[in-house]
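One-letter residues, chain by chain:
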Amino acid sequence: MSSQDMLKNASTLASYNVLLQVMFRVLTFLLNAFTLRFVSKELIGVVNVRLTLLYSTLVFLSREAFRRACLSGGTDHNWRQVINLLWLTLPLGVLWASLLVCVWLWLLEVPDPLTIPHYGPAVGLFALAALQELLAEPLWVLAQAHMFVRLKVVAESLAMVAKCVLTVVLVVSAPQWGLYIFSAAQLVYTGFLVLCYFVYFLHFLGSGEANRKYFPLQRVADLLPSSVEGEPVIDWTLARLTWSFFKQSFLKQILTEGERYVMTFLNVLSFGEQGVYDIVNNLGSMVARFIFLPIEESFYVFFAKVLERGRDVRQQKQEEVAIAAEVLECLLKLVLVIGLIITVFGYAYSHLALDIYGGSLLSSGAGPSLLRCYSSYVLLLAINGITECFVFAAMSKEEVDRYNLVMLALSISFLLLSYMLTWWAGGIGFILANCLNMGLRILHSLFYIHRYFLSSQWTPLLGLRPSPLLLLALALSAVLTALSEGVFCCDGGWLLRLVHIAVGAGCLLGVLVTVLLTETKLVQFVRTQLLPRYGKKHT
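Description of the structure in this document. Computed from a predicted model, the values in this text were never measured in an experiment. (Residues numbered from 1 in each chain as written. Predicted model: local features only at pLDDT ≥ 70, side-chain atom pairs only at ≥ 80, totals over all residues. Heavy atoms only, no water.)

### Things to note about the nonpolar core
Reasoning step 1: Within the largest apolar cluster, 173 residues are counted, with the highest numbers of intra-cluster contacts made by Tyr 197, Phe 201 and Phe 303.
Reasoning step 2: Tallying contributions element by element places helix H14 (residues 318-358) first for this core, with 24 residues.
Reasoning step 3: Apart from residues lying up to four places away in sequence, Phe 201 is in contact with Leu 139, Leu 142, Ala 143, Phe 148, Leu 151, Phe 215 and Leu 223. (Core = buried A, V, L, I, M, F, W, Y, C linked by side-chain atoms within 4.5 Å. Buried < 20%, exposed > 50% of the residue type's maximum accessible area, 1.4 Å probe, protein only. Helix = DSSP H or I, 4+ residues; strand = E, 2+ residues; numbered from the N terminus. Contact = heavy atoms within 4.5 Å.)

Given below as structure tokens:
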């Protein structure tokens, strides 16, 4: 497959992933708004912080390193050995589940059973849901490596819809079940995921389509662990790379979920405060998660296939390096523009958004300040996602190992900063600590990218330099929307609120027109690579 074809597939995958994440976040957004009216904020805190942290930690530590290693190098693998390696995620998951369940039950503070009953069974059920999801891991990697872009969208869409429907039905009909409701919904979600992947591959393997695509596996039995006499059971090169990524993934998980670990293990916020913080955090991170994360995941696959890991840029195919550099520059410009827009408009519209979403429960107190700080943090999240996406795809095994030391230092500093800043500034301290650490990670990645292209003619970091006219439009929008909030929002009724919204819409329109006129290279990239209806026509 040529680099142009891989770019087309990665762009299509990113587009579908963005649409998928939009649906996920909108459904979660509506589900949280709905459940806030039926359950307590303490229950929301236990589910969205304590139990979700157990689930995400177990899944991430069990599979993330395998995913990154097995997707490196594209489809040029001995897939029998790769399948064998991927099935190790299940026993590894059982080990992690045994350890984490003991910690969650006996080392952490247990919620008051009168206020939040069924905590013990819920811990076990969330761990079981994580193990159930690991059953589909070999199939997920196969689908990603061979660019089965629609499979992920359909599987996760059906699973999310089933989860939301069950949650709504049980919250309305049996709210006294408490944590059982969310445990059952999580089991249904992972069950649907596994079912969709297995049904698809049962139908696909051995079909005419599989033969036309020269798919490396022919029978359903090929999806199970097996061995061939005379060759190793697993690919030991991938196994060693997996171990390197595993050490890194452990640290990355601490950085990614650091505030939840501090809340969970150090008890700096009550369960009710955790619930409010998590709702504001989810609201603030919606754009980051449904736009930036899918782009990062999809283009990591592209960079990992186009670039030769650990090799000097002069020793690689120059056509493919040129494409990678151009794509990196456009991606940096894209996330920078989106991040700046969110930072500017997030400041003036945080209070209004929280008041509409959750009423005085969220818009009073520290809620608006939290969301304003998070709007600035989104800009750093956007840049870091793309820079690390490229760096992780280009690093050699030795460089990955060295970076693990950097991640260790960042993890320790983040935990210390989170603890100190939270005692000083409450929930805002978590965001400040995240900003500081994210800034350090960005600096490391920028230095790496600069050195990587230093001996070549390409300078993809120019993508971080917006046009002066765009900066001027953003500055004017910041001033106008801030004045509008002071005059029209948010205690004068809905008419004045609509005026405030209209001011923001006019400013946003002006910013977007400026982008179209000044960032023509970015506009062309978005039209031809990220929008499916244009991608099929022009790529």
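Text resumes after the structure shown.
### Overview of helix H5 (residues 119-134)
Reasoning step 1: Its 16 residues give H5 an end-to-end C-alpha distance of 23 Å, which sits within 8% of 22 Å, the value for a rise of 1.5 Å per residue.
Reasoning step 2: All of the buried residues along H5 are Tyr 119, Ala 122, Val 123, Phe 126, Ala 127, Ala 129, Ala 130, Leu 131, Glu 133 and Leu 134.
Reasoning step 3: Of the surrounding elements, those touching the buried residues of H5 are helix H2 (41-70), helix H4 (89-107), helix H6 (137-145) and helix H8 (179-204). (Expected span 1.5 Å × (residues − 1).)

### Some points on the packing of aromatic side chains
Describing an aromatic ring pair means giving the distance of the ring centres and the angle of the ring planes.
Reasoning step 1: Under the criterion given, the structure shown has 25 aromatic pairs.
Reasoning step 2: Consider the rings of Phe 148 and Phe 215, whose centres lie 5.8 Å apart with planes at 25 degrees: the pair is stacked. Taken together, the residues Phe 148 in the loop between H6 and helix H7 (149-173) and Phe 215 in the loop between helix H9 (208-212) and helix H10 (236-256) connect sequence positions 67 residues apart. As far as burial versus exposure is concerned, Phe 148 and Phe 215 are alike and both buried.
Reasoning step 3: Between Tyr 452 and Phe 453 the ring centres are 5.1 Å apart and the planes differ by 75 degrees, which places this aromatic pair in the edge-to-face class.
Reasoning step 4: For Phe 453, a relative accessible area of 4% translates into the label buried.
Reasoning step 5: An aromatic cluster is present here, built from Phe 299, Phe 302, Phe 303, Phe 390, Tyr 448, Tyr 452, Phe 453 and Phe 525 joined pairwise through their rings.
Reasoning step 6: Here the guanidinium or amino end of Arg 67 rests over the ring plane of Trp 140, the centre of that ring lying 3.5 Å away.
Reasoning step 7: The ring of Tyr 347 carries Arg 372 above its face, with NZ or CZ at 5.2 Å from the centroid. (Phe/Tyr/Trp six-rings, centres within 6.5 Å; stacked < 30°, edge-to-face > 60°. Lys NZ or Arg CZ within 6 Å of the ring centre and 35° of its normal.)

### Overview of the pattern of salt bridges
Reasoning step 1: Summed over the entire model, instances satisfying the criterion amount to twelve salt bridges.
Reasoning step 2: Between Glu 137 and Arg 63 there is a salt bridge, and its shortest N-O distance comes to 4.0 Å. One end of the pair, Glu 137, is in helix H6; the other, Arg 63, is in helix H2, with 74 residues separating them in the sequence. Here Glu 137 and Arg 63 have matching classes, each one buried.
Reasoning step 3: In this structure, Arg 260 engages Asp 278 in a salt bridge whose closest nitrogen and oxygen atoms are separated by 2.9 Å. With Arg 260 in helix H11 (residues 258-266) and Asp 278 in helix H12 (residues 271-284), the pair connects residues that are 18 residues apart, well separated along the chain. Taken as a pair, Arg 260 and Asp 278 share a single burial class, namely buried.
Reasoning step 4: Here the salt bridges share partners, and the residues they tie into one network are Arg 63, Arg 67, Glu 133 and Glu 137. (Salt bridge = Lys/Arg side-chain N within 4 Å of Asp/Glu carboxyl O.)

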